[in-house]
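Here is what each chain is made of, one letter per residue.
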Amino acid sequence: MIKLYNMTLALNCYKVRLLLSLLKVPHEKQTVDLINGEHKSAAFLKLNPFGQLPVVVDGDLVLRDSQAILVWIARKFGGDRWMPQDVNDEALVNAWLSAAAFEVRLGPYDARLATLFPTLCIDATGVAQRSTHALQLFNDRLTGREWVALDRPTVADVAAFPGITQAGDGGISLAPYPAVLTWANRMRQLPGFVSLLEDF
Ligand SMILES: N[C@@H](CCC(=O)N[C@@H](CS)C(=O)NCC(=O)O)C(=O)O
C-alpha cells in the first residue's frame, strides 16, 4: 500500500491527500513532526535528502515533490483523466503545475507560512505583492473558464487549490478575485473532495 509521509497543516501534503481522496486511492499516512524538525532528522533525510514533505513510498519507489507525486498518482490510478497523455494538453497542465510550485508558492503559500510558521518561511519579503501577482494571474486565467489548465479538472487544479484557498491564513483576501472564488467552490463540489483538516 502507498505510504504518504504527511503533516496535516502542510499544504503540499494537502495537495496529495486531496488527489488521493478524489481518486479514492487506498493509502496509509505517517505523520512527520515538521514543527519540531523531524524532517531534518538523519532517518528522514535518508528518505528525502531535500528534508521536505510530502514523500510517497510505494514498493521500491520513493518520490518527493508534490507536483511529481500528483502526476504519478494521476497516471497510476486515474488513467489520463487528471494528467492527459495528449502532448499539447500535457504541456498546458505542466505549465500550470509550475505556476502552483512557483507563483503560488512564493505568494499566498509563503504569506501563510510567514504568519503561521515563521521558522519555515525562507523569505517573507514582498509576499503581499507576490500574492497579488499570483492571484491576479489565476483570476485572469479562470475568467470565462471553469478549470485552470483544460476544460476539465486536472492535477493543475489540485496543485493550485491549497495555496490559493488558504491565502486567508496569511492575511490575503480572495475577495478581489471573483473567478478564483467561483473556481474554488467548483473544486469543493467534486466527488471525493476533502478539506484541509478533514481526516479520511
Ligand atoms: N517542491 C516541494 C516543496 C516541499 C515543501 O516546501 N514542503 C514543506 C511542507 S509543505 C516543507 O517540508 N518545509 C520544510 C522545509 O523546507 O524545511 C513540493 O512541492 O513538495
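Everything in this summary refers to the structure shown in the same document.

The rules behind the values
- Residues numbered from 1 in each chain as written.
- Predicted model: local features only at pLDDT ≥ 70, side-chain atom pairs only at ≥ 80, totals over all residues.
- Helix = DSSP H or I, 4+ residues; strand = E, 2+ residues; numbered from the N terminus.
- Axes fitted to C-alpha atoms, helices over the stretch in contact; angles between N-to-C directions.
- Parallel < 35°, antiparallel > 145°, perpendicular 65-115°, else oblique.
- Left-handed = near helix turned anticlockwise from the far one by under 90°.
- Contact = placed C-beta atoms within 7 Å.
- Nonpolar A, V, L, I, M, F, W, Y, C, P; charged D, E, K, R; others polar.

### A word on unusual backbone geometry
- Cis rather than trans, the peptide bond between Leu53 and Pro54 has omega equal to 0°.
- Among the structural elements, Pro54 can be located in the loop between α2 (42–47) and β3 (55–58).
- Unlike most non-glycine residues, Asp65 shows phi in positive territory, near 80°.
- Within the secondary structure layout, Asp65 lies in the loop between β4 (61–64) and α3 (66–78).

### Observations regarding the packing of helix α4 (residues 87–116) against helix α5 (residues 127–142)
- Axis separation between α4 and α5 bottoms out at 8 Å; the angle between their running directions is 135°. Compared by their axis directions, α4 and α5 come out oblique. The crossing of α4 and α5 is left-handed. Contacts from Ala99, Glu103, Val104, Leu106, Gly107, Pro108, Asp110, Ala111 and Ala114 of α4 reach α5 at Val127, Ala128, Arg130, Ser131, His133, Ala134, Leu135 and Leu137.
- Of the residues belonging to the contact of α4 with α5, the class tally is 11 nonpolar, three polar and three charged.

Such coordinate-based values are descriptive only and should not be taken to indicate function.
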